[in-house]
Amino acid sequence: MEKILEVKELVTGYKGKTGFLKAVDGVSFDIEKGETVCIVGESGSGKSVTSMSIMRLVDYENGKILSGSIRFEQEELTDKSSDEMRHIRGSKISMIFQEPLTALNPVFTVGKQITEAILLHQSITKKKAMERAEELLRLVGLSDPKTRLKQFPHELSGGMRQRVMIAIALASNPELLIADEPTTALDVTIEAQILELLRTIREQRNMSIMLITHDIGVAAEMAHRIIIMYAGKIVEIGKTNDILQRPYHPYSKGLMESVPKMDGQRGVPLQSIDGTIPSLHEMPSGCRFSPRCPLATDKCRGEAPQLERKGDRQVACWHVDKLLQQEDKTQVKEGI
Amino acid sequence: MRLENHAGLDHQPLVEIKHLKKYFTIKGGGVFKREKKEIKAVDDVSFQIFKGETLGLVGESGCGKSTLGRNLLRLQEPTAGEVLFHGENILQYKKKQLRDLRNKMQIIYQDPFGSLNPRFTIGQIIGEMFAIHGTAKGKEKEQRIKELLALVGLDSSRYNSYPHEFSGGQRQRVGIARALALQPEFVVADEPVSALDVSVQSQIINLLMKLKEDLGLTLLFIAHGLNVVRHISDRVGVMYLGRMVELSETDNIFDHPAHPYTAALLTTIPDANPNAKKERIVLKGEVPSPAAPPSGCSFRTRCPLATERCAKEVPKLQEIRSGHFVSCHYPLEKGQSLRDAIV
Ligand SMILES: Nc1ncnc2c1ncn2[C@@H]1O[C@H](COP(=O)(O)OP(=O)(O)OP(=O)(O)O)[C@@H](O)[C@H]1O
Ligand SMILES: Nc1ncnc2c1ncn2[C@@H]1O[C@H](COP(=O)(O)OP(=O)(O)OP(=O)(O)O)[C@@H](O)[C@H]1O
Ligand code: SF4
Ligand SMILES: [Mg+2]
Ligand SMILES: [Mg+2]
């Protein structure tokens, strides 16, 4: 398969009082053409910073890519000038943000904002651009697109605004769509509409999608592969079904088990992970999950495990073999 | 185990809600802003909450869940209707009676960040409850607060800490401790876990289940997440645009939903179980504005089963099977899927 995006050892930091605080610390992964990869992890784990780094938008927020490489269609993005980056953003890579109201400009009509995105990359007449905008609104499933074009963002519902954002993101026919929690602010039935829309568009255009979410259910339905992040690092990467059926990393395992299943037994205590995610200025030494991990040993607290291959999977944990062996043993005992 | 069967539930209503309405008037968009619009946030809702049960309440954003919760506690004045608590209509209570009522009915808020005053210590925030209701003072008060902190799994040495020194999950624990300070019989938990991370959510859900069991609370649990509601609730009510559209025992509602909205909702929840094969039915269109709800059945603009009758006649909440209430002209039969009904 052709790799469209390759991120290697990415480190991104924000200026703090005593130097840079690393929000993303040595992250490596890739995305193939036509593939949907979901990044899952708790609030503050570095999901947004990872995507903002790929878009090279961290610079605008007091942040900096401190080291590592981001290759998109074989080209290194970390070397690009801001003009070159501006061209790549919104032509080959587009992004949808979590909060559709703040991402749209309140003083311009929907039509103006979409045509602007189109005219940025195509030299066609305004009239043609307006036609194309109408087409895009129809594609994202907005009823009566002619009227919508004349409306202002506040006149639309949250679901409609998110569709407009998707229309803008698609205006340039991107190769890679980065969607940062595109449905978190929406209702369940509207979320279902948007996810279905993203799936259809990906199939039609063989586009790649990097979808950020903290909802494992959403990842289960959308992703070919899942990346699990914790405290600025990737702890596990694997095929969706593999990860859902048998998470390897103790954090992934804890995460899966704390979600009530729709067919699980009701009323019994849920599994939970004690404690909370550490903040940037008090990162534990060694494995960052060690203070919350039931398997942690001195080795874990002393030395950080690297992301290593285990068959189809990549895991960063010193004791993954022990964990898997234990699981196998209890399964034999239970006669499964 | 408590929820394996519901034999332990005595079907005594603790709270009875009768034809409850809450309308808000807002200024219209006209040039002179004289035109007034009415939002029917809660529109003629009737149901009972049994003693000792957890009743889950679900529905999309803006359908009136929080408004219902606030009004039935009289934290807001309802437009019309009755709320009976132990058989007495609390909407007729005067100030003093109302203050006593606060000891018995409490609320846990959705937002663990906004609902605690940042300038007060945790001890003061919880202590405030005793001050208002004059039930404990001095050393005794401090002792009670420390017990409460321990009860919700917080270190009692954090007595003098401020809210910002706590994580979201810990703050939600403080909110729970505050709600339980006066040993209420009935608690409305308004999305107590929505703002929290997955791994912290389960800590709070476990805490609520345990406290409910230990203290014999009755709980109205409002939430978006159907998986969470299913896990914790004995019965579940589904709201749509200010109305209760379905109410039944939890397993029954998840296995045999009768309202087309509930049925569609259940096919669309993203579920982490890769083996769960489901036929998804994605509802078309947007949720209508509560300022201009459709005539007849408020769900008809998105309902795959809607007919002319639905545009004309408001369906009443009716008991179609024992303990199963639905407001729909064409409720699904037991075992019938929405897909079957459409064809
Ligand atoms: N502009 C910024 N300045 C300083 N620190 C920042 C900035 N943006 C993000 N951070 C920090 O970087 C860390 C990672 O944040 P990020 O937004 O990537 O988390 P996330 O995984 O997207 O979380 P969420 O699920 O809440 O969106 C956090 O500790 C955050 O406080
Ligand atoms: N004080 C108010 N003034 C005017 N309108 C209000 C007021 N409070 C609520 N509403 C409106 O009443 C309707 C119901 O709101 P409510 O907060 O009860 O919904 P909800 O079901 O709790 O939603 P969510 O899931 O987003 O919390 C909404 O349309 C809301 O805009
Ligand atoms: S490395 Fe150690 S602490 Fe980290 S997840 Fe694995 S077992 Fe737990
Ligand atoms: Mg984010
Ligand atoms: Mg609410």
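Looking up chain B in an unreviewed UniProt entry gives the name ABC transporter ATP-binding protein, with the organism given as Pullulanibacillus camelliae. In the Sequence similarities (unreviewed entry) part of its UniProt record, chain B is described as follows: "Belongs to the ABC transporter superfamily."

You'll find chain A entered in an unreviewed UniProt entry as ABC transporter ATP-binding protein, with Pullulanibacillus camelliae given as the organism. Per UniProt, chain A carries the Sequence similarities (unreviewed entry) text "Belongs to the ABC transporter superfamily." Under Subcellular location (unreviewed entry), UniProt gives the following word-for-word description of chain A: "Cell membrane".

Comments concerning the overall build of chain A
Counting its regular elements, chain A contains 13 helices and 12 strands. Relative to the 2.2 N^0.38 estimate, which gives 20 Å for 336 residues, the radius of gyration of chain A is 21 Å and therefore close to what a compact globule would have. Each of the three principal axes of chain A carries a C-alpha extent, and together these read 70 × 50 × 40 Å. Across the 336 residues that make up chain A, the buried fraction comes to 54%. The long-range fraction of contacts in chain A, counting pairs at least 24 apart against all pairs at least 6 apart in sequence, stands at 65%. Carbon and sulfur atoms provide 49% of the accessible area of chain A, an area that totals close to 15,200 Å².

Focus: unusual backbone geometry
One non-glycine residue with positive phi stands out, namely Gln 74 of chain A, at about 70 degrees. Here Gln 74 of chain A shows up in the loop between strand S4 (63-72) and strand S5 (75-76). Unusually for a residue other than glycine, Asp 44 of chain B sits at a positive phi of about 60 degrees. Checked against the element boundaries, Asp 44 of chain B lands in strand S2 (residues 36-50). According to the relative accessible area criterion, Asp 44 of chain B is partly exposed, its value standing at 40%.

With respect to the pairing of S4 of chain A
Every other side chain in a regular strand lies on the same face of the sheet, so the side chains alternate between the two faces. Residues and elements named next belong to chain A. Pairing analysis gives 8 bridges linking strand S1 (residues 3-16) to S4, with the strands arranged antiparallel. When the sheet's bridge partners are listed, Glu 6 is paired in S4 with Arg 71. The sheet contact formed by S4 and S5 spans 2 bridges and is antiparallel. Within S5, the position partnered with Phe 72 by the bridge is Glu 75. Linking S4 back to S5 in an antiparallel pair, the connection comprises 2 residues, with Glu 73 at a positive phi of about 45 degrees.

Some points on the site of ligand 3
For ligand 3, the set of nearby residues contains 13 residues, the closest of which are Cys 287, Cys 293, Cys 300, Cys 317 and Trp 318 of chain A. When grouped by side-chain class, the residues that make up the shell around ligand 3 number 10 nonpolar, 3 polar and no charged.

So, the interface of chain B and chain A
The interface is formed by 45 residues belonging to chain B together with 46 residues belonging to chain A. Between chain B and chain A the total buried area reaches about 3,900 Å² when both faces are included, carbon and sulfur atoms providing 54% of it. Considering only the side of chain B, the residues that lose the most area to chain A are Arg 230, Pro 270 and Glu 286 of chain B, jointly responsible for 16% of the buried surface there. Remark: the boundary between chain B and chain A carries 3 salt bridges. Among the salt bridges present, the one from Arg 280 of chain B reaches Glu 221 of chain A, with a minimum N-O distance of 2.2 Å. Linking chain B with chain A are 20 residue pairs in polar contact (both at pLDDT 80 or more). When residues of the side of chain B that touches chain A are traced back to their parent elements, those giving at least two are helix H6 (198-215), helix H7 (226-232), helix H8 (250-255) and helix H9 (260-268) of chain B. A per-element tally of the side of chain B that touches chain A places H6 of chain B first, with 8 residues. For the side of chain B that touches chain A, the per-class residue count stands at 17 nonpolar, 16 polar and 12 charged.

Notes on the packing of helix H5 (residues 126-139) of chain A against helix H7 (residues 158-170) of chain A
All names here are of chain A. One way to put it is that H5 packs onto H7 with a least axis distance of 9 Å and a crossing angle of 125 degrees. The angle between H5 and H7 falls in the class oblique. Crossing geometry of H5 relative to H7 is assigned as right-handed. Along its contact with H5, which presents Arg 132, Leu 136, Leu 137 and Leu 139, the element H7 presents Val 164, Ala 167 and Leu 170. Considering only residue class, the contact of H5 with H7 consists of 6 nonpolar, no polar and 1 charged.

Things to note about the site of ligand 2
Residue and element names in this part refer to chain B. Around ligand 2 lies a shell of 14 residues, among which Ser 61, Gly 62, Lys 65, Ser 66 and Thr 67 are the nearest. At a separation of 2.7 Å, an oxygen atom of ligand 2 approaches a polar side-chain atom of Ser 66. The contact in question runs from an oxygen atom of ligand 2 to an N or O atom on the side chain of Glu 191, over 3.3 Å. Considering ligand 2 on its own, with 640 Å² of exposed area, one finds that the protein chains cover 69% of that surface. When contributions to the shell around ligand 2 are tallied by element, the ones reaching two or more residues are S2 and helix H1 (65-72). It is H1 that provides the largest number of residues to the shell around ligand 2, a total of 3 residues.

A look at the sheet that holds S4 of chain A
Residues and elements named next belong to chain A. With antiparallel pairing, 4 strands are arranged side by side in an open sheet as S2-S1-S4-S5. Looking at which strands have only one partner, the edges of the open sheet turn out to be strand S2 (19-32) and S5. Sheet topology note: the S1/S2 ladder contains 11 bridges and is antiparallel. Bridge pairing links Tyr 14 to Leu 21 in S2.

Here we look at the nonpolar core
Membership of the largest hydrophobic core comes to 67 residues, with the highest contact counts inside it found for Ile 126, Phe 130, Ile 176, Phe 221 and Tyr 261 of chain B. The element contributing the most residues to this core is H6 of chain B, with 7 residues. Contact partners of Ile 176 of chain B, with chain neighbours within four places excluded, come to Ile 108, Val 152, Ile 204, Leu 207, Leu 208 and Leu 211 of chain B. Counting 62 residues, the second largest nonpolar core, distinct from the first, contains Ala 117, Val 140, Ile 166 and Ile 201 of chain A.

What about the sheet that holds strand S4 (residues 80-85) of chain B?
Residue and element names in this part refer to chain B. With respect to topology, 4 strands assemble into an open sheet ordered S2-S1-S4-S5, the strand pairing being antiparallel. At either end of the open sheet lies a strand with only one pairing partner, and these are S2 and strand S5 (88-89). The pairing of S4 with S5 spans 2 bridges and is antiparallel. Directly across from Leu 84, in S5, lies its bridge partner Asn 89.

Let's talk about the packing of helix H8 (residues 188-205) of chain A against H9 of chain B
One way to put it is that H8 of chain A packs onto H9 of chain B with a least axis distance of 9 Å and a crossing angle of 50 degrees. Looking at the two axes, H8 of chain A sits oblique to H9 of chain B. Considering only the axes of H8 of chain A and H9 of chain B, their crossing is left-handed. The residues of H9 of chain B that touch H8 of chain A, namely those facing Val 188, Thr 189 and Ala 192 of chain A, are Tyr 261, Leu 265 and Thr 268 of chain B. Its residues assigned to classes, the contact of H8 of chain A with H9 of chain B shows 4 nonpolar, 2 polar and no charged.

Re the pattern of salt bridges
Side-chain pairs of opposite charge can arise where the charged atoms are in close proximity. Residue and element names in this part refer to chain A. In total, this model carries 40 salt bridges over all chains according to the counting rule given. The residue Glu 76 makes a salt bridge to Arg 71 at a minimum N-O spacing of 4.0 Å. Looking at Arg 71, the relative accessible area reads 31%, which means it is partly exposed. Between Glu 327 and Arg 246 there is a salt bridge whose closest N-O contact spans 2.8 Å. A residue pair is termed long-range when its members are at least 10 positions apart, and Glu 327 in helix H13 (residues 320-333) and Arg 246 in the loop between helix H10 (240-245) and helix H11 (250-258) qualify at 81 residues. Using a relative accessible area of 26% as the deciding quantity, one classes Arg 246 as partly exposed. One salt-bridge network, in which partners are shared between bridges, spans Arg 246, Lys 253, Glu 257, Glu 327 and Asp 328.

Basis of the calculations
- In this numbering scheme, every chain counts its residues from 1 along its sequence in written order.
- Labels follow written order: the first chain is A, the first ligand is 1, and so on.
- Selection of residues for local features in this predicted model requires a pLDDT of at least 70, selection of side-chain atom pairs for listing and counting requires 80 or more, and totals for whole chains, interfaces and linings are taken over all residues.
- Hydrogens are left out, water is left out, and the side-chain values use all remaining heavy atoms of the structure.
- UniProt positions are given in the numbering used here, feature names are shortened, and annotations may be inferred rather than shown by experiment.
- A run of DSSP states H or I qualifies as a helix once it reaches four residues; a run of E qualifies as a strand once it reaches two. Both are numbered from the N-terminal end.
- The quantity called the radius of gyration is restricted to C-alpha atoms. Its globule counterpart is 2.2 Å times the number of residues to the power 0.38.
- When accessible area is computed with a 1.4 Å probe and restricted to protein chains, residues below 20% of their type maximum are described as buried, those above 50% as exposed, and intermediate ones as partly exposed.
- Every residue pair with non-hydrogen atoms within 4.5 Å of one another is taken to be in contact.
- All accessible areas in this document rest on Shrake-Rupley with a 1.4 Å probe, and a residue is counted as covered only by the protein chains that are shown.
- Paired strands are those between which DSSP finds at least two bridges.
- For this purpose, a residue is taken to be near a molecule or strand whenever a single non-hydrogen atom of the residue falls within 4 Å of it.
- In this count, Pro and Cys sit with the nonpolar residues alongside Ala, Val, Leu, Ile, Met, Phe, Trp and Tyr, while Asp, Glu, Lys and Arg are called charged and the others, Gly among them, polar.
- As a working definition, buried area equals the accessible area (1.4 Å probe) given up by two parts on being put together, with both sides summed.
- For this document, the term salt bridge refers to a Lys or Arg side-chain nitrogen within 4 Å of an Asp or Glu carboxyl oxygen.
- Polar contact is defined as a pair of N or O atoms within 3.5 Å, subject to the rule that within protein one atom must be able to donate a hydrogen and the other to accept it, and that residues adjacent in sequence are counted only when both atoms are side-chain atoms.
- The convention used is that axes are lines fitted to C-alpha atoms, helices contributing only their stretch in contact, and that angles between N-to-C directions extend from 0 to 180 degrees.
- When describing relative orientation, an angle under 35 degrees is termed roughly parallel and one over 145 degrees roughly antiparallel, while 65 to 115 degrees is termed roughly perpendicular and anything else oblique.
- Handedness of a crossing follows from how the near helix is turned relative to the far one, being left-handed for an anticlockwise turn of less than a right angle and right-handed for a clockwise one.
- Here, the term nonpolar core denotes a set of buried Ala, Val, Leu, Ile, Met, Phe, Trp, Tyr and Cys residues that are joined through side-chain atoms within 4.5 Å.

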